[in-house]
Amino acid sequence: MSQSKPTYRSTRSSDTNENISFESAIMKGLAKDGGLFIPSFIPTISSEDLQKWSKLSFQELAFEIMKLYISEEDIPSDKLSEIISRSYSTFRSEKVTPLVKDLESNIHVLELFHGPTYAFKDVALQFVGNLFEYFLNKHNSANPSDVKKLTIVGATSGDTGSAAIYGLRGKENIRVFILYPNGRISSIQEEQMTTIQDKNVQTLSVTGTFDNCQDIVKEIFGDEEFNRKYNLGAVNSINWARILAQITYYFYSYFQITNQTPGAKVKFVVPSGNFGDILAGYFAAKMGMPVEKLVIATNENDILDRFLKSENGEYARSNDVKATLSPAMDILISSNFERLLWFLAYEQLAGKDSDKAGEILNNWFKDLKTTGKFEAGSSVVKAASELFDSESVQDLEILQTIAKVYQNSQNPTKYIVDPHTAVGMKATYNQVAKDGKAAGFQYICLSTAHPAKFADAVNKSLESFEGYSFDKDVLPEELRKLASLPKKLKFVSRADIKLVKEAIDEEIVVMEQ
Ligand SMILES: *Cc1c(COP(=O)(O)O)cnc(C)c1O
């Protein structure tokens, strides 16, 4: 039996809230009322489907999952299948996200870093780039007199920028501008962005900090005239398509364990910042993938860990972001957590009334803005704890864990993890210690970046081991070569919105030639 497809609504309630199509949710990104888009219901699968899905390739599985969320009017099946296959043809692994089974006896590592930028964000952004292009072309061929172009403007402290650039390079009717703070990102990250020569991509190296860059981008989005002129768009972690694309690897890795050990009890451990990665695990579980626990692994920026351990579901931002060895997880609040909160409020507090859930979220996020915190209540945190657990990991533990994994790994030996994955591995070790062997759990720790991207932490942790060599053991040839490639970048001498707008104006003229 085929189910109907969800429409999309905001996590908040307002007069403008309405159910919109998948296409609109993707192209808008963020709802007008400041909320995030969620599906009107979560499609479920039967145990027969689960059985059938267990034999599928990554791409086939992605297709079956996405088809449940995307109507034929949004994207016809044959097109969707083609977009999926194109999106993952850029990955270096045939399995796209291979599972390293039995790295240590019941610990498995799900490698999400085989895409073009060697970080997990590629799994979503390779797909999102193709979706943007598809929807623009669809609009433009239906409206030849109203050709739409999209101008993506973003700021990056490292990883998101390169994943966005690799997702959007060479795409028709899309221009990309990425601002980064000059001299304040790692050389590999800078090389990854600036060695892209595609005409539609321009990096802007700004004299200033990451916060300066981010403020300028926010200001630019608030500039209505500029926005209208260029049709601005964003590729941050709140786009629903990113969550959707990430559901696939939860099912895919789950099947690799359960095909070998039927009925295995699986815990996923996920290095988390904005809660986008692990939220996809929540959707997989709600769709019908049996899972024991989803473990949120945070660094010292631990708002999620504090929420889950609180009595009353207190969600409270701290005053400052801590700069840690796992910078992609350095956040004050986790933007995608709002989506989970909506579902919890809907089930626990709103009597399954969508608008009422939206009103509850409105009030919470108003409080968060004005007082820096809110209380979701004990029923919400209790419901969250049925599926989620959490661990918070300190910088020193990150260094110790990189060394411990190197020493303990069995298959392969001397396995090297990056500092973000180390947060996940430390959380995994904590869970194993709490659960005990008798519990019989299988642990899948998600690996979110290749260790070569975070040379400093990896070297600091491993340089005392005899025979260890970064060049030989860590750095892939493809990344080594970047240093010698020509760079395309434009310097902006001051963190000033006027200078950035001028640079964009100038470069768009060049792009249009
Ligand atoms: C973005 C990122 C994360 C955090 O993922 P969220 O979806 O924000 O929770 C973890 N590790 C790396 C390397 C990342 O780039």
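From a predicted model like this one, the values you see are computed outputs, not experimental measurements. (Residues numbered from 1 in each chain as written. Predicted model: local features only at pLDDT ≥ 70, side-chain atom pairs only at ≥ 80, totals over all residues. Heavy atoms only, no water.)

**Considerations on the pairing of strand β9 (residues 265-271)**
Heads up, the rule is: Burial classes: relative accessible area under 20% of the type maximum marks a residue as buried, over 50% as exposed, and values in between as partly exposed (1.4 Å probe, protein chains only). Numbering goes from the N terminus for both helices and strands, where a helix is a DSSP run of H or I of at least four residues and a strand is a run of E of at least two. Paired strands, in this sense, are two strands between which DSSP finds at least two bridges. Here, the term right-handed applies to a crossover whose path from the first strand over the helix to the second runs clockwise when the strands point away from the viewer.
Counted residue by residue, β9 has 6 buried out of 7 residues, so it is predominantly covered. As paired strands, β9 and strand β14 (residues 441-447) are joined by 5 bridges and run parallel to one another. Bridging across to β14, lysine 265 finds its partner in phenylalanine 441. Of the pairings in the sheet, the one linking β9 to strand β10 (residues 293-298) comprises 5 bridges and is parallel in character. Within β10, the residue paired with phenylalanine 268 across the bridge is leucine 294. As for the winding sense of the linkage, the β-α-β connection from β9 through helix α11 (residues 276-287) to β10 is right-handed.

**Concerning the layout of surface pockets**
Remark: the empty space left among the atoms is shown by a probe the size of a water molecule rolled over them. Formally: Buriedness of a pocket was judged along seven lines, with at least five required to meet protein on both sides within 12 Å; pockets are open sets of points on a 1 Å grid over the protein atoms alone, cavities are sets where a 1.4 Å probe fits but cannot get out, and lining residues have an atom within 4 Å of a point. Grid points are joined across faces, edges and corners, and a volume is the space filled by probe spheres set on the points. Under this grouping Gly is polar, as are all residues other than the nonpolar Ala, Val, Leu, Ile, Met, Phe, Trp, Tyr, Cys and Pro and the charged Asp, Glu, Lys and Arg.
Taken as a whole, the second largest pocket encloses approximately 300 Å³ of empty space. Around the second largest pocket sit 17 residues that line it, and Thr90, Pro116, Gln126, Tyr166 and Arg169 are the ones nearest its centre. Among the elements of the structure, α4 (77-88), α5 (121-142), α6 (159-168) and α20 (477-482) are those that each provide at least two residues to the lining of the second largest pocket. In terms of residue count, α20 provides more of the lining of the second largest pocket than any other element does, 4 residues in total. Here the residues of the lining of the second largest pocket sort into 6 nonpolar, 5 polar and 6 charged.

**A short note on the sheet that holds strand β3 (residues 99-104)**
What counts is decided by this rule: Note on definitions: angles span 0 to 180 degrees between N-to-C directions of axes, and those axes are lines fitted to C-alpha atoms, for helices only across the stretch in contact. Should any heavy atoms of two residues lie within 4.5 Å, those residues are considered in contact.
Here 6 strands make up an open sheet; going across it, the order is β3-β4-β14-β9-β10-β13 and the pairing mixed. Whereas interior strands pair on both sides, the edge strands pair on one side only; in this sheet they are β3 and β13 (388-392). Adjacent strand axes in the sheet meet at a mean angle of 25° when their direction is disregarded. Against the sheet, helix α15 (residues 378-387) touches β10 and β13, its axis set at about 85° to β13.

**Notes on the sheet that holds strand β8 (residues 232-233)**
Think of a sheet as strands paired side by side through backbone hydrogen bonds, with each pair either parallel or antiparallel. Strand order in the open sheet formed by 5 strands is β8-β5-β6-β7-β15, with parallel pairing between adjacent strands. Bordering the open sheet on either side are β8 and β15 (489-492), each of which pairs with just one other strand. Across the sheet, helix α8 (residues 210-222) touches β5 (150-155), β6 (174-181), β7 (201-206) and β8, and the angle it forms with β5 is around 150°. Contacts between helix α21 (residues 497-512) and the sheet are confined to β5, β6, β7 and β15, with β6 contributing the most and set at about 145° to the helix.

**As for the pattern of salt bridges**
Our working definition: Should a side-chain nitrogen of Lys or Arg be within 4 Å of a carboxyl oxygen of Asp or Glu, the pair is scored as a salt bridge.
Within the structure shown, the criterion is met by 22 salt bridges. Taking the shortest distance from any N to any O, the salt bridge between lysine 309 and aspartate 305 comes out at 2.6 Å. A residue pair is termed a helical-turn pair when its members lie 3 or 4 positions apart in one helix, as lysine 309 and aspartate 305 do in helix α12 (residues 303-309) at 4 residues. Residue lysine 309 is classed as exposed on the basis of its relative accessible area of 54%. Ionic contacts of the salt-bridge type, sharing partners, join the residues Lys79, Glu82, Arg86 and Glu133 into one network.

**Overview of the UniProt feature "domain: Tryptophan synthase beta chain-like PALP" (unreviewed entry) in the chain**
What counts, and what does not: UniProt positions are given in the numbering used here, feature names are shortened, and annotations may be inferred rather than shown by experiment.
In the numbering used here, UniProt assigns the "domain: Tryptophan synthase beta chain-like PALP" (unreviewed entry) feature to residues 97-331. Along residues 97-331 one finds 42% helix and 21% strand; the C-alpha atoms at either end are 26 Å apart.

**Observations concerning the pairing of β15**
The alternating pattern of β15 places Lys490 and Val492 on a buried face and Leu489 and Phe491 on a face that is not buried. Sheet topology places β7 next to β15; 4 bridges connect them, and they run parallel. Along β15, the bridge assignment pairs serine 205 with phenylalanine 491.

**Some details on the nonpolar core**
For the record, the criterion: We call a set of buried Ala, Val, Leu, Ile, Met, Phe, Trp, Tyr and Cys residues a nonpolar core when their side-chain atoms join them within 4.5 Å.
In this structure, Tyr69, Tyr250, Phe251 and Phe268 are the most contacted members of the largest nonpolar core, which totals 119 residues. Residue contributions to this core peak at 13 residues, all from helix α10 (residues 240-258). Tyrosine 250 has contacts with Phe268, Val270, Asp277, Ile278, Ala280, Gly281, Ala284, Met289, Leu294 and Leu446, leaving out every residue within four places of it along the chain. The next biggest cluster of nonpolar side chains, apart from the first, holds 37 residues, and it includes Ile107, Ile188, Val432 and Ala452.

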